Amino acid sequence: MTLQAAPKQAADSSAGTDPKALYGGKSTRRITVHDIAAAKERGEKWPMLTAYDAMTASVFDEAGIPVMLVGDSMGNTHLGYDTTVPVTMDEMTLLSAAVVRGTKRALVVGDLPFGSYQEGPVQALRNATRLVKEAGVGAVKLEGGERSLPQTEMLVQAGIPVMSHLGLTPQSVNTMGYRVQGRGDEAAHQLLRDAKAAQNAGAFAVVLELVPAGLAAEVTRSLHIPTIGIGAGPDTDAQVLVWTDMAGLTGGKVPRFTKQYANLRQSLGDAARAFADDVVGGAFPAEEHTFH
Ligand SMILES: Nc1nc(=O)c2c([nH]1)NC[C@@H]1CN(c3ccc(C(=O)N[C@@H](CCC(=O)O)C(=O)O)cc3)CN21
Ligand SMILES: CC(C)C(=O)C(=O)O
Ligand SMILES: [Mg+2]
């Protein structure tokens, strides 16, 4: 007989789903890359969200989001940069550690930022090791297939699970722009080669960003590791969004591939204005907020 802890977040929406499911399943222990591999064999689709702080991460963890990415998109969302290019290892390590502390169940994946792995496998191993040891992430992500092959192989050999990121790779914005990738026969074949290279090097999953849906479907069929789409159509194994985009907190332009599930920018602004009005008008603090 085995003893099993009662699930803390037995969601009503999970009734009837596979107890092993990544989302809606029964397990409360931390999810591993083996659980991710098993989900592809079951044909299960799963969600991933970015997270950049402990409190938000705990909300997504309690909601059952099985994989959280501490994206270098923190450059745009949390640090006020125009691109992900300036993000440093210190910034990644600080926020990744917070997300790990805020989660009990999710697999936390840390992005390797621009300049932290491009020099070669030794640099990649040094910085990935830092995210694993100092922040406690369960895996790291790096951009590039064939071009990042030595780095991927080195990390996998060292025992660090690697998620690969193909298609639009925002760290290359200065050469690539933010355009759909993999259009045309040659570019499509290169993307397939990149995906195969990542898989052969031992990557456990591949992000496909801003690629045509048909190509993403073909890559998904061609690989035994899961594909995670963002702007890659409906036929990838998983989907990822930047959380501030999907919750309507991001100001200004949001990529067309985002669906907005809340309007936090509006509600947070409303709360700030209501507080300010109460202070100016003398309605806050009231008697119940006051000590005598
Ligand atoms: N808040 C945020 N969300 C993201 O998804 C995101 C970031 N930041 N920062 C890093 C990268 C940059 N990303 C981007 C940025 C812009 C487009 C964009 O403007 N795309 C065009 C499509 C262009 C085409 O058709 O080729 C669009 O209309 O959405 C896409 C991805 C994705 N990542
Ligand atoms: C959008 C995802 C895949 C990412 O790399 C990030 O958030 O930095
Ligand atoms: Mg990123």
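In this text the structure is predicted, and so the values were computed from the model without any measurement.

Engineer: Could you clarify how one ought to interpret the site of ligand 2 in this entry?
Structural biologist: Within the structure, ligand 2 sits among Thr-50, Leu-69, Gly-71, Asp-72, Ser-73, Asp-111, Lys-141, His-165, Val-207, Ile-230 and Val-242. Ser-73 places a side-chain nitrogen or oxygen 2.6 Å from an oxygen atom of ligand 2. Contacts to ligand 2 include Asp-111, whose side-chain N or O atom sits 3.0 Å from an oxygen atom. Taking 260 Å² as the accessible area of ligand 2 by itself, protein coverage stands at 96%.

Engineer: I would appreciate a short explanation of the nonpolar core in the present structure.
Structural biologist: Buried together is how nonpolar side chains tend to be arranged in soluble globular proteins. Grouped together as the largest cluster of nonpolar side chains are 35 residues, with contacts concentrated most on Phe-60, Leu-112, Leu-131, Val-140 and Leu-155. Listed by contribution, the elements that provide at least two residues to this core are helix 2 (54–62), strand 2 (67–70), helix 4 (89–102), helix 5 (121–135), strand 4 (139–143) and helix 10 (243–246). For this core, the leading source of residues is helix 4, giving six residues. If near-sequence neighbours (up to four positions away) are discounted, Phe-60 is found in contact with Leu-49, Thr-50, Ala-51, Ile-65, Met-68, Trp-243 and Met-246. Listed in part, the 20 residues of the second largest apolar core include Met-48, Leu-69, Ala-205 and Ile-230.

Engineer: Help me out: how do you make sense of the site of ligand 1 in this one?
Structural biologist: Every one of the 15 residues lining ligand 1 counts as a neighbour, but Asn-76, Val-180, Glu-209, Asp-245 and Arg-256 are closest to it. Contacts to ligand 1 include Asn-76, whose side-chain N or O atom sits 3.1 Å from a nitrogen atom. Here ligand 1, which alone exposes 670 Å², has 76% of that area covered by the protein. Given that more than half its atoms are within 2 Å of the pocket grid, ligand 1 belongs to the largest pocket. Here the residues of the shell around ligand 1 sort into seven nonpolar, three polar and five charged.

Engineer: What's the story with the environment of Ala-51 in this structure? I'm lost.
Structural biologist: Secondary-structure assignment places Ala-51 in the loop between strand 1 (46–50) and helix 2. In contact with Ala-51, not counting residues within four places along its chain, are Ala-57, Phe-60, Met-68, Leu-69, Val-70, Gly-71, Val-99 and Trp-243.

Engineer: Explain unusual backbone geometry to me, please; I cannot follow it from the model alone.
Structural biologist: Of note, the bond from Phe-284 into Pro-285 is cis; its omega dihedral lies within 30 degrees of zero at 0 degrees. As for its placement among the helices and strands, Pro-285 is situated in the segment after helix 11 (264–281). Its identity as a non-glycine residue notwithstanding, Leu-210 has a phi of 50 degrees, on the positive side. Looking at the secondary structure, you find Leu-210 in the loop between strand 6 (205–209) and helix 9 (213–222). For Leu-210, a relative accessible area of 15% translates into the label buried.

Engineer: When you look at the layout of surface pockets in this model, what are you seeing that I'm missing?
Structural biologist: Regions of empty space are outlined by a rolling probe, equal in size to a water molecule, passed over the atoms. Size it by volume and the largest pocket reaches roughly 1,000 Å³. Of all the secondary-structure elements, those providing two or more residues to the lining of the largest pocket are strand 1, helix 3 (74–77), strand 4, strand 6, strand 8 (238–241) and helix 10. Of the residues belonging to the lining of the largest pocket, the class tally is 18 nonpolar, 11 polar and 10 charged.

Engineer: Explain the UniProt feature "binding site: 3-methyl-2-oxobutanoate" (unreviewed entry) in the protein to me, please; I cannot follow it from the model alone.
Structural biologist: In the UniProt entry, the feature "binding site: 3-methyl-2-oxobutanoate" (unreviewed entry) is given for Asp-72, Ser-73, Asp-111 and Lys-141. A compact arrangement is adopted by the annotated residues: their sequence extent is 70 residues, whereas the largest C-alpha distance between any two is 12.5 Å. Among the annotated residues just listed, those that line the largest pocket are Asp-72, Ser-73, Asp-111 and Lys-141. The topology assignment puts Asp-72 in the loop between strand 2 and helix 3. If sequence neighbours within four positions are ignored, Asp-72 has contacts with Thr-84, Val-87, Met-92, Asp-111, Pro-113, Glu-143 and Gln-171. Along the chain, Lys-141 falls in strand 4. For Lys-141, the contacting residues outside a window of four places in its chain are Leu-69, Val-109, Gly-110, Asp-111, Leu-112, Met-163, His-165 and Val-207.

Engineer: What am I meant to see in the packing of aromatic side chains here?
Structural biologist: Remark: the centre distance and the inter-plane angle together describe each pair of aromatic rings, the angle taken between the planes. Enumeration over the complete set of coordinates arrives at two aromatic pairs. Ring centres 5.8 Å apart and planes at 70 degrees place the aromatic pair Phe-60 and Trp-243 in the edge-to-face group. You can see Phe-60 sitting in helix 2 and its partner Trp-243 sitting in helix 10, a full 183 residues away along the chain. When its relative accessible area of 8% is taken as the criterion, Trp-243 is described as buried.

Reading guide: rules and limits
Residues numbered from 1 in each chain as written. Chains lettered and ligands numbered in written order. Predicted model: local features only at pLDDT ≥ 70, side-chain atom pairs only at ≥ 80, totals over all residues. Heavy atoms only, no water. Near = heavy atom within 4 Å. Polar contact = N/O pair within 3.5 Å; in protein donor to acceptor, adjacent residues only side chain to side chain. Areas by Shrake-Rupley, 256 points an atom, 1.4 Å probe, with all protein chains shown as cover. Core = buried A, V, L, I, M, F, W, Y, C linked by side-chain atoms within 4.5 Å. Buried < 20%, exposed > 50% of the residue type's maximum accessible area, 1.4 Å probe, protein only. Helix = DSSP H or I, 4+ residues; strand = E, 2+ residues; numbered from the N terminus. Contact = heavy atoms within 4.5 Å. 1 Å grid on protein atoms, 1.4 Å probe; cavity = no way out; pocket = protein on both sides within 12 Å on 5 of 7 lines; lining within 4 Å. Sits in = over half its atoms within 2 Å of the grid points. Nonpolar A, V, L, I, M, F, W, Y, C, P; charged D, E, K, R; others polar. Points joined across faces, edges and corners; volume = space filled by probe spheres on them. UniProt positions renumbered as here; feature names shortened; annotations may be inferred. Phe/Tyr/Trp six-rings, centres within 6.5 Å; stacked < 30°, edge-to-face > 60°.

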